[in-house]
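The lines below spell out each chain.
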Amino acid sequence: MARSAADRTIAPARDFFEQVGDMMILTGKTIISAVRPPFPYGGEFILQFLFALRLCWFPLLISTVAFGYGAPGLQAANFLVLFGALDRLGGFFVLASIREFAPLVTAIVLAGVAGTAITADLGARKIREELDALQVLGVDPVKNLVVPRFLALMLVTGLFDIYALLFGIFGGILATLVYHAPLGPFWATFFTNASVTDLWGSVLKCTCYGAIIAIVCCYKGMTASGGAAGVGRAVNQAVVISFLGIFAFNYVFTQTLLATHPEINVIR
Amino acid sequence: MSEQEKKDDQPIEPAERVRVVQEAAPGGEEEYRWHTGLNRPTGVPDAIEFIDVHKAFGRNKILKGLNLGLPEGKISMILGPSGTGKSVCIKHMVGLLYPDDGDVLVHGESVPNLRDEELFEMRKKFGVLFQDGALFGSMNLLDNVAFPLRQHTDRSEDEIMGIVNARLAEVGLTDAGDKMPNELSGGMRKRAGFARALVLDPDIVLFDEPDSGLDPVRTALLCELIQEIHQENGGAYTVITHDIMSARRVAEYIAVLWRGRIVEAGPAEELFNSDNDFVRQFLSGSAQGPLGME
Ligand SMILES: Nc1ncnc2c1ncn2[C@@H]1O[C@H](COP(=O)(O)OP(=O)(O)O)[C@@H](O)[C@H]1O
Ligand SMILES: [Mg+2]
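In this text the structure is predicted, and so the values were computed from the model without any measurement. (Residues numbered from 1 in each chain as written. Chains lettered and ligands numbered in written order. Predicted model: local features only at pLDDT ≥ 70, side-chain atom pairs only at ≥ 80, totals over all residues. Heavy atoms only, no water.)

**Q** Honestly, the coordination of the magnesium ion (ligand 2) in this entry has me stumped. Any pointers?
**A** Around a metal, the idealised angle for a tetrahedral arrangement of four donor atoms is 109.5 degrees; for an octahedral arrangement of six donor atoms it is 90 or 180 degrees. The magnesium ion (ligand 2) binds to the protein through Ser87 of chain B (OG) and Gln131 of chain B (OE1), with metal-donor distances spanning 2.0 to 2.3 Å. Remark: Gln131 of chain B occurs in the loop between strand S7 (126-129) and helix H6 (141-152) and Ser87 of chain B occurs in helix H4 (residues 86-93); sequence separation between them is 44 residues. (Donors = N, O, S within 2.8 Å, 3.2 Å for Na, K, Ca; no water. Helix = DSSP H or I, 4+ residues; strand = E, 2+ residues; numbered from the N terminus.)

**Q** Mind showing me how you'd approach the interface of chain B and chain A here?
**A** Quoted interface sizes are often the accessible area lost when the parts come together. On the chain A side, the residues contacting the 20 residues of chain B number 15 residues. The junction of chain B with chain A conceals about 1,600 Å² of combined surface from both sides, 60% of it contributed by carbon and sulfur atoms. At the boundary of chain B and chain A, one finds 2 salt bridges. For the pair chain B and chain A, the number of links is 5 residue pairs in polar contact (both at pLDDT 80 or more). If you list the elements that add at least two residues to the side of chain B that touches chain A, you get helix H5 (116-123) and H6 of chain B. (Contact = heavy atoms within 4.5 Å. Buried area = accessible area lost by both parts, 1.4 Å probe. Salt bridge = Lys/Arg side-chain N within 4 Å of Asp/Glu carboxyl O. Polar contact = N/O pair within 3.5 Å; in protein donor to acceptor, adjacent residues only side chain to side chain.)

**Q** Looking at this structure, I do not really get the packing of aromatic side chains. What am I missing?
**A** Where two aromatic rings form a pair, the distance of their centres and the angle of their planes describe that pair. Evaluation of the coordinates by the stated rule reveals 21 aromatic pairs over all chains. Where Trp57 of chain A meets Phe58 of chain A, the ring centres are 5.6 Å apart and the plane angle is 70 degrees; that geometry is what we call edge-to-face. In textbook terms, an aromatic cluster arises when at least three aromatic residues are bridged by ring pairs, as seen for Phe93, Phe186, Trp187, Phe190 and Phe191 of chain A. Of note, Arg196 of chain B hangs over the ring of Phe136 of chain B, and the distance from its end group to the ring centre comes to 4.6 Å. In this structure, Arg259 of chain B packs its charged tip against the face of Trp258 of chain B, placed 4.4 Å from the ring centre. (Phe/Tyr/Trp six-rings, centres within 6.5 Å; stacked < 30°, edge-to-face > 60°. Lys NZ or Arg CZ within 6 Å of the ring centre and 35° of its normal.)

**Q** Would you mind showing me how to read the pairing of strand S4 (residues 75-79) of chain B here?
**A** Residues and elements named next belong to chain B. The buried fraction of S4 amounts to 5 of the 5 residues, a majority that puts the element mostly inside the structure. With 4 bridges joining them, S4 and strand S10 (residues 253-258) adopt parallel strand pairing. Residue Leu79 lies in a different strand from S10, and its bridge partner there is Val256. (Buried < 20%, exposed > 50% of the residue type's maximum accessible area, 1.4 Å probe, protein only. Pairing = 2+ DSSP bridges.)

**Q** Is there a simple way to explain empty space enclosed by the protein in this structure?
**A** Rolled over the atoms, a probe as big as a water molecule pinpoints where empty space is left. One pass over the structure, following the stated rule, counts 3 cavities of 30 Å³ or more. If you add up the space inside the largest cavity, you get close to 110 Å³. Considering the residues around the largest cavity, the lining is formed by 13 residues, among which Leu137 of chain A together with Phe126, Gly127, Val128 and Ala197 of chain B are closest to the centre. For the lining of the largest cavity, the secondary-structure elements that each account for two or more residues are helix H4 (130-136) of chain A together with S7 and helix H8 (186-198) of chain B. Among the elements that make up the lining of the largest cavity, the one with the highest residue count is S7 of chain B (3 residues). A per-class count over the lining of the largest cavity returns 10 nonpolar, 1 polar and 2 charged. Of the volumes computed, that of the second largest cavity is approximately 50 Å³. Every residue lining the second largest cavity is listed: Thr64, Phe67, Gly68, Pro72, Ser97, Phe101, Ala102, Val105, Ala164 and Gly168 of chain A. Where the lining of the second largest cavity is concerned, the elements lending two or more residues are helix H2 (42-81), helix H3 (89-127) and helix H5 (141-178) of chain A. Grouping the constituent residues of the lining of the second largest cavity by class yields 6 nonpolar, 4 polar and no charged. (1 Å grid on protein atoms, 1.4 Å probe; cavity = no way out; pocket = protein on both sides within 12 Å on 5 of 7 lines; lining within 4 Å. Points joined across faces, edges and corners; volume = space filled by probe spheres on them. Nonpolar A, V, L, I, M, F, W, Y, C, P; charged D, E, K, R; others polar.)

Here it is as structure tokens:
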């Protein structure tokens, strides 16, 4: 009985780690086939890029403004007013919006909107045996389907990160105005704290989020099984695993960035 | 606590003990009572060979020591109840699945041991009709059928369209060229998949149930078409079906697959006159015999 209980807990864990390993392998394959000629994926790359752009720009706009205004904006302003230090909101937005919330909100929206679409699309093709047919006709699904999605999602998340932090900061401005404070001090503390490291750190991090989402969602789509219900399961798992991956990666990235760039630890 | 351990804890009823013993002891023998594995010679070399192939998905063992040879230049049929692994066999031939044990040879080359580029080359020999047609949902029928030509040949667009239209006409889809796959019935998708599989005049053609979902008249016409095209092009054709009428019409070689192994294989006439009870039952479509619902 002890053995079967252990089996029941170990088997899913082993399965999970096997999948993570498979995704690592897929990442390697994707990068290799992205750089090794020929390059047949240009058209698909543009399609996927525009597709993600068209699908995500509006949800992302709403999410970032609302989140920036509501969460770090109103809450932090409320707290800062206590010390009569509302001008510090600008500095806080460097930490909150640029470093963390803009990439995170971008990733969440991208995974939920574009990632699920990728998994559902590839999953349906897998179930209809289209992927098998492609392979038999000499088309490598990694090179022709995964690589363009991988590159498109990385580019889109990188660009959307800037878009998200602009609208996030706009949320902060709204919060400042709601407290009837002038914007000068906001910008002053904002720019004393902001550094180039913050910007490229944010964009790089968000680009990596895009890579994680693309690999997880492609993997889950291409390994879907069990009919239409199986595609549904795959989409669900793709979102869950994407989020887990993003949060885990965020920890490692933030820790590393802070350790290698101690100057951004200092709040001015 | 698992089922098995529950049984271990309780005193075993005599009747149950008997049942357990019966299940365990002769199992292997009993299960393969009808599998003579007899392979009657055809006098031609094999285009595709399965050598003691084992394949399991998790604990679900599908192929259990499959030995099968499909002769060059003939229309072969693999017959067997649904769910026995016929589609799995086809995927082994084109290297979409790899055997856990054993070997699959195509024209003498071991498919599981090919490097990626070699596999890519080898697949050019094949035309495959998948069970549900496997048309590309993002392309219309013309583009679907033209896909292999664009992928593997340098023909001009005019030539390609000429060939594609001829192929679509053969399967009665002349007017459906600009339709998307999801606008078609299952039978039409199947026929389009058929056209796509044959568009490169491949050496080896695999049809996975080309006749399921077609009406009897269209099935008969499709069988004639397979025979005609085979006469023109030659090559090793493999058709998977459970339609005995189709088998009687076109098969030159028949292999009966059940429980992961070949029950019996050989030239069609000889199999139709086989004295193996299972083969007789299956080829006459009778309810009486060793094969039940299970
Ligand atoms: N990729 C797969 N993963 C897991 N099980 C599979 C897979 N492909 C086939 N099977 C299982 O193998 C068995 C045989 O399937 P199949 O070859 O499609 O049968 P059929 O003889 O009707 O074509 C089925 O029970 C199916 O569930
Ligand atoms: Mg099948």
